[in-house]
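As a plain string of letters, each chain reads:
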Amino acid sequence: MLYYPQMLSLADNFLVYDGESVNPRFSVTKHVNVLNTKSLAYVSTVGSSKNRNKRNVIFEIQGSYAQKSCMVYDDKHRCVAEIRRKEAKGGVALRGDVFALVVQPSIDPAIAMFLVIVLDQMFDSSRRFSK
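Peer 1: Talk me through the pattern of salt bridges; I want residue IDs and the actual numbers.
Peer 2: For the structure on display, the rule yields 3 salt bridges. Close ionic contact of R78 with D74 constitutes a salt bridge, the shortest N to O distance being 2.8 Å. A salt bridge links R84 to E82, with the nearest nitrogen and oxygen atoms 3.3 Å apart. Judged by relative accessible area, E82 falls into the partly exposed class, the value being 21%.

Peer 1: Mind laying out helix α1 (residues 109-123), listing which residues take part and the relevant values?
Peer 2: In an α-helix, one turn spans 3.6 residues, which is why side chains three or four residues apart end up on the same side. Here α1 contains 15 residues, and its C-alpha end-to-end distance of 21 Å stays within 8% of the 21 Å for a straight helix at 1.5 Å per residue. Within α1, the full set of buried residues consists of I111, A112, F114, L115, V116, V118, L119, D120 and M122. Residue D108 occupies the N-cap position of α1, its side-chain oxygen lying 3.0 Å from the main-chain nitrogen of A110.

Peer 1: Residue-level account of the environment of N23, with values.
Peer 2: Within the element layout of this structure, N23 appears in the loop between β2 (13-17) and β3 (26-30). What makes N23 partly exposed here is its relative accessible area of 46%. Distance from N23 to V46, taken between C-alpha atoms, is 8.5 Å for residues 23 residues apart in sequence.

Peer 1: How would you explain the side chain of N13 if you had to name every residue and give the values?
Peer 2: Mapped onto the secondary structure, N13 falls in strand β2. Judged by its relative accessible area of 6%, N13 is buried. At 2.7 Å, the side chain of N13 forms a polar contact with the side chain of T29.

Peer 1: Tell me what's going on with the pairing of strand β7 (residues 79-85), and back it up with residues and numbers.
Peer 2: Pairing of strand β6 (residues 69-74) with β7 involves 5 bridges; the strand directions are antiparallel. Across the sheet, C70 pairs through a bridge with I83, a residue of β7. Counting the residues that bridge the hairpin from β6 to β7 gives 4 residues, and of these H77 lies at a positive phi of roughly 60 degrees.

Peer 1: An account of the pairing of β3 is needed here, citing residue identities and associated values.
Peer 2: Bridge count for β2 against β3 is 4 bridges, and the pairing is antiparallel. Considered in β3, the bridge of L15 is made with S27. Here β3 runs beside strand β4 (residues 39-46); their pairing, made up of 5 bridges, is antiparallel. Each bridged residue has a counterpart across the sheet, and for K30 the counterpart in β4 is A41.

Procedures and definitions
Residues numbered from 1 in each chain as written. Predicted model: local features only at pLDDT ≥ 70, side-chain atom pairs only at ≥ 80, totals over all residues. Heavy atoms only, no water. Salt bridge = Lys/Arg side-chain N within 4 Å of Asp/Glu carboxyl O. Buried < 20%, exposed > 50% of the residue type's maximum accessible area, 1.4 Å probe, protein only. Helix = DSSP H or I, 4+ residues; strand = E, 2+ residues; numbered from the N terminus. Expected span 1.5 Å × (residues − 1). Polar contact = N/O pair within 3.5 Å; in protein donor to acceptor, adjacent residues only side chain to side chain. Pairing = 2+ DSSP bridges.

The following block contains the structure:
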């Protein structure tokens, strides 16, 4: 899968493609409403080339990416994936970027991992400002 940020957008918006396909598979949009802080991003299907603006939300990501505590919910609000900090064993401290991705059978693990990559691009300020 490949992703490209859309530059002409007020919110962070990434289009995700299957390999060399010219049609995006889905769009990931950063949630910008300050009144509802639970939602981080929405994953939507992208309409056909004739109706590119028609979108259908298929996943909602809630939680805190900075704390590595996120849940991915499907369109029926069932948890299909979870990002959580990895528990240290034996008193060893783990860095903040060490986490576990728990994926349910109802979502393709490649899509779940790809959502982590897009979230990292959206919310990791250290990478964003170091360019």
